[in-house]
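# Structural characterization, general
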Amino acid sequence: MFSFNWIRSLFNPKKLNISNNTNENEIVLSEKEAILKCAQEIAGLGIWEWNYRLNKICFSDKLCKILDISKEKYEDDLDLFIEALTHNDYKDFVIKSIKNSIEDGIEKNEEYKIINLNGEEMWIRTNATCIYDDSKNKLKMIGMVQDITQSKKSKELLQENYNFLEVIIDTIPSPIFYKDEKGIYKYSNIAHIEYLGIRKEDIIGHTIYDIIQKEFADAHNDVDVDIIKNKEKNIYESKLRYKDGALHDVIFNKAPYTNQQGEVKGIVGVIVDITERKNAEKRINKLSKIKDAILEISYSITETSDITELFNLILEKVIESIQNAHIGSILILDEDENLKIATHKGYKQKNAENFSLRLKDSFIWHKTLGKIDKTVIINDFDKMVTSKCPNILENEECFKVKSSISSPIIIDGQLYGLIGIDSKYNYAFDEIDIELMEYMRNQIATAISTHKLYEETIYLSRYDKLTNVYNRRYFEKILDRYINNSIMNNEEFLLVLFDLNGLKFINDTYGHLAGDEIIRTFTSILKKRMNASDILARIGGDEFVGVFFETDLQHLIEKFEDIIDYFKRHCIIFEENDIVCSFSYGIAKFPYDGDKYNKLIKTADERMYKYKQKSKHILKRIY
């Protein structure tokens, strides 16, 4: 056990020079002690005193009760009190405090932890004062002890709650701040610090004018003044510069903080970034326009027979849908890897008609290093113009193109062409436009594919795939129209039925590919000898029918005999085999031989059979 002899030496009675005539002082002292004890009971304070003259320390009953100690055990033995009751973390602190108090004659308010006899930790607050005689000699030091355990626990709990609340606020992704009534920032959560991209010490203790530009700060300050004046919250949209330097769209939610007297002591603010929402709204608006455009394009697929008309509609809708789009074109890639304009809007017509550019010389090729698979934006357009670029940049409005957005049209995995939209503004297009162009180009690719499929379907429903002449079904459909027109206009025409001689022999001998070549050659030669108004159809494997206008029977017979003679003199060479193409024909005249399809066909078929019989001796010589 450590010793307090140094303390006892400080209270040596010989050094005190206390007068023997102490009656009057003792009376005054007794009165003060009575008052003190009364206050002790009222305030729940424990009293201790050190009698300098008697070198004796004692505790009041109240103090013993507060500390839950035995008065007889610890009184007069300060060493034991400190050793047994003072928390290990505070023993040195208590010893030093007692020493300073004795030397100075006064003890400041001190707080430290003790352990009572039950092993429970307690916090106490102590203070003391020295009582002197008339000669300024120390008589006693009297101190008070207060149990502040609950107060400490409350403060610790309050601090824990504060720390917990601060952690919660710091985990909130929205920037939150608090400023006092003078506009000085007192708190800024992590999200607020990170959003602004500046240090915490550059926010706390500063005003809005220290953080953002004056033109924006003035607007925020005006709102704060109104909040403090009216004691009402305010929600408003504004711009705030993000840490990347870009201005973001934000919503400020601000509310006044008032004390119990109803005085506004500050403003709490929450910032909600709505940049993405704003961009989403722009996307939705633009996407709505584009969807309407795509819908119109889709409706036009089955109504537009010419692909150029479809291209015109597509380009018109793209330019309408993309903000800052002024002119544009659709370019198609040909077999030689050259881009040619299929349609345009805003360019000089002569330049557009003569336009041809190698794909590898295009802007998009250089921008993507040849990997053309997505939409790209080209800014500072004029800086990219080289001698390889044509004067297609000249437009009807005579403005200089500053930026462009270009999208590839990919069909069946192959580059089909490009959609190029130009603007007279630099940096006119953004990521939203890229997203919309990506959507549109995919839809356009589908539309073009659908149109091509539709055209192919229409073609197959009307034409024979091998010969590119009408098929039987479509021929019969349009022939009724020709018959009705001829009846109304009192016109004549000749219907001719053709049959290729020996086609089965050719197929069996040389193969069906040889037979196909005979069919194609016959059709090609016959079509060259027909007028533009005449029509030809394949109605069977080796049977054809033709309708001839503005000609007489004799002239037509001479034409067919010339063709027969031509085939005799010009054999068809197939895999080093010379094959003669021969055919028979029969002619029926409208309306003399009939005014219905079936009657005309029957008449022509009978006459063709007679012609074939007459020519049998020739056919035997050929095959």
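Everything numeric in this text was worked out from a predicted model, so none of it was measured. (Residues numbered from 1 in each chain as written. Predicted model: local features only at pLDDT ≥ 70, side-chain atom pairs only at ≥ 80, totals over all residues. Heavy atoms only, no water.)

### Digging into the overall build of the protein chain
When you go through the protein chain residue by residue, the secondary structure sums to 21 helices and 23 strands. Counting every position in the protein chain, which comprises 623 residues, the buried fraction comes to 43%. In the protein chain, of all internal contacts separated by at least 6 residues, the share reaching a separation of at least 24 is 55%. (Helix = DSSP H or I, 4+ residues; strand = E, 2+ residues; numbered from the N terminus. Buried < 20%, exposed > 50% of the residue type's maximum accessible area, 1.4 Å probe, protein only. Contact = heavy atoms within 4.5 Å.)

### Describing the sheet that holds strand β16 (residues 414–423)
Ordered in space as β13-β12-β11-β16-β15-β14, the six strands form an open sheet in which the pairing is antiparallel. The sheet terminates laterally at β13 (357–358) and β14 (376–378), the two strands that pair on one side only. Note that strand β11 (residues 327–333) and β16 share six bridges and pair antiparallel. By the bridge assignment, I332 is partnered in β16 with G417. (Pairing = 2+ DSSP bridges.)

### Some details on the packing of aromatic side chains
Counting across every chain of the model gives 24 aromatic pairs. Plain terms: the ring middles of F177 and Y185 are 5.6 Å apart, the flat faces sit at 65° to each other, and that makes the pair edge-to-face. Looking at F177, the relative accessible area reads 2%, which means it is buried. Each ring, one from F567 and one from F583, has its centre 6.5 Å from the other, and the planes form 85°; the classification is edge-to-face. Placement of the pair is F567 in helix α19 (residues 553–569) and F583 in strand β23 (residues 583–590), with a sequence separation of 16 residues. Comparing F567 with F583, the two get one shared label, buried. Taken together, F498, F522, F544, F548, F560, Y566, F567, F583, Y585 and Y611 form an aromatic cluster joined through their ring pairs. (Phe/Tyr/Trp six-rings, centres within 6.5 Å; stacked < 30°, edge-to-face > 60°.)

### Details of the side chain of S403
Here S403 lies in strand β15 (residues 403–411). The class for S403 is buried, based on a relative accessible area of 0%. Polar contacts involving the side chain of S403 include one to the main-chain amide nitrogen of A428, which spans 3.5 Å. In contact with S403, other than residues within four places in its own chain, are I378, N379, F381, I421, D422, S423, Y425, N426, Y427, A428 and F429. (Polar contact = N/O pair within 3.5 Å; in protein donor to acceptor, adjacent residues only side chain to side chain.)

### A look at the pairing of strand β4 (residues 121–132)
Bridge analysis of β4 against strand β5 (residues 138–147) gives nine bridges, and the strand direction is antiparallel. When the sheet's bridge partners are listed, I131 is paired in β5 with K140. Taken together, β4 and the strand that follows it, β5, pair antiparallel across an intervening segment of five residues, in which K136 is found at a positive phi of about 70°.

### Thoughts on unusual backbone geometry
Note the cis peptide between F590 and P591, where omega equals 5°. Relative to the helices and strands, P591 resides in the loop between β23 and α20 (597–614). With a phi close to 55°, L369 is a non-glycine residue in the positive phi region. For L369, the location among the structural elements is in the loop between α14 (363–368) and β14.

### Observations concerning helix α10 (residues 214–230)
Given a rise of 1.5 Å per residue, 17 residues ought to cover 24 Å, and the 24 Å separating the end C-alpha atoms of α10 matches this to within 8%. Regarding α10, the residues found buried are A217, H220, V223, D224 and I227. Projection of α10 onto a plane perpendicular to its axis shows the buried side chains occupying an angular sector of 125°, all on one side. Residues of α10 that are exposed and angled more than 90 degrees away from the buried face: K214, E215 and K229. Buried positions along α10 lie against β6 (176–180), β8 (234–241), β9 (247–258) and β10 (264–273). The first or second residue beyond α10 is K231, which carries a positive phi of 55°. (Expected span 1.5 Å × (residues − 1). Arc of directions from axis to C-beta.)

### So, the pattern of salt bridges
Enumeration over the complete set of coordinates arrives at 25 salt bridges. Residues E201 and R199 are paired through a salt bridge, measuring 3.5 Å at the closest nitrogen-oxygen approach. The exposure class assigned to E201 is partly exposed, which follows from its relative accessible area of 47%. Taking the shortest distance from any N to any O, the salt bridge between E492 and K589 comes out at 3.7 Å. Taken together, the positions of E492 in the loop between α16 (472–489) and β18 (493–500) and K589 in strand β23 put the pair 97 residues apart, joining distant regions of the chain. Judged by its relative accessible area of 33%, K589 falls in the partly exposed class. The network of salt bridges with common partners includes E111, R125 and K152. (Salt bridge = Lys/Arg side-chain N within 4 Å of Asp/Glu carboxyl O.)

### Focus: the sheet that holds strand β20 (residues 543–548)
Ordered in space as β17-β19-β20-β18-β23, the five strands form an open sheet in which the pairing is mixed. Both outer strands of the open sheet, β17 (470–471) and β23, are each paired with one neighbouring strand and no more. Taken together, the two bridges between β17 and strand β19 (residues 535–538) define a ladder with parallel strand orientation. Within β19, the residue paired with N471 across the bridge is R538. Most of the contacts of helix α18 (residues 512–528) go to β18, to which it runs at about 155°, and overall it touches β18, β19, β20 and β23. (Axes fitted to C-alpha atoms, helices over the stretch in contact; angles between N-to-C directions.)

### Thoughts on the pairing of strand β12 (residues 338–345)
As defined by bridge partners, β11 adjoins β12 across six bridges and the pair is classed as antiparallel. Bridge pairing links S329 to H344 in β12.

### Notes on α19
Taking 1.5 Å per residue as the helical rise, α19 with its 17 residues ought to reach 24 Å, and the 25 Å between its terminal C-alpha atoms agrees with that figure. Along α19, the residues classified as buried are L556, K559, F560, I563, I564 and F567. The arc enclosing the buried residues of α19, seen along the axis, measures out at 135°, which places them on a common side. Lining the buried residues of α19 we find β18, α18, β20, β23 and α20. Looking at where α19 begins, the residue whose side-chain oxygen comes 3.3 Å from the main-chain nitrogen of Q554 is D552.

### A look at the environment of Y597
Inspection of the secondary structure puts Y597 in helix α20. When its relative accessible area of 9% is taken as the criterion, Y597 is described as buried. Remark: the alpha-carbon pair of Y597 and L479, spanning 118 residues in sequence, is separated by 7.4 Å. If near-sequence neighbours (up to four positions away) are discounted, Y597 is found in contact with R472, F475, E476, L479 and I483.

### Thoughts on a negative patch on the surface
On the surface, a cluster of negative charge is made up of D552, E558, E561 and D562. In this fold, D552 is placed in the loop between β20 and α19. Judged by relative accessible area, D552 falls into the partly exposed class, the value being 45%. (Patch = residues over 30% accessible without salt bridge, like charges linked within 9 Å, V, L, I, M, F, W, Y side chains within 5 Å. Areas by Shrake-Rupley, 256 points an atom, 1.4 Å probe, with all protein chains shown as cover. Lys, Arg positive; Asp, Glu negative; His and termini not counted. Charge placed at Lys NZ, Arg CZ, Asp CG, Glu CD.)

### Side note on the packing of helix α17 (residues 503–510) against α18
Look at α17 against α18: their axes get within 6 Å of each other, and the N-to-C directions meet at 140°. If you check the angle between α17 and α18, you find them oblique. In contact with L503, I506, N507 and Y510 of α17, α18 contributes H512, A514, G515, I518 and I519. (Parallel < 35°, antiparallel > 145°, perpendicular 65-115°, else oblique.)

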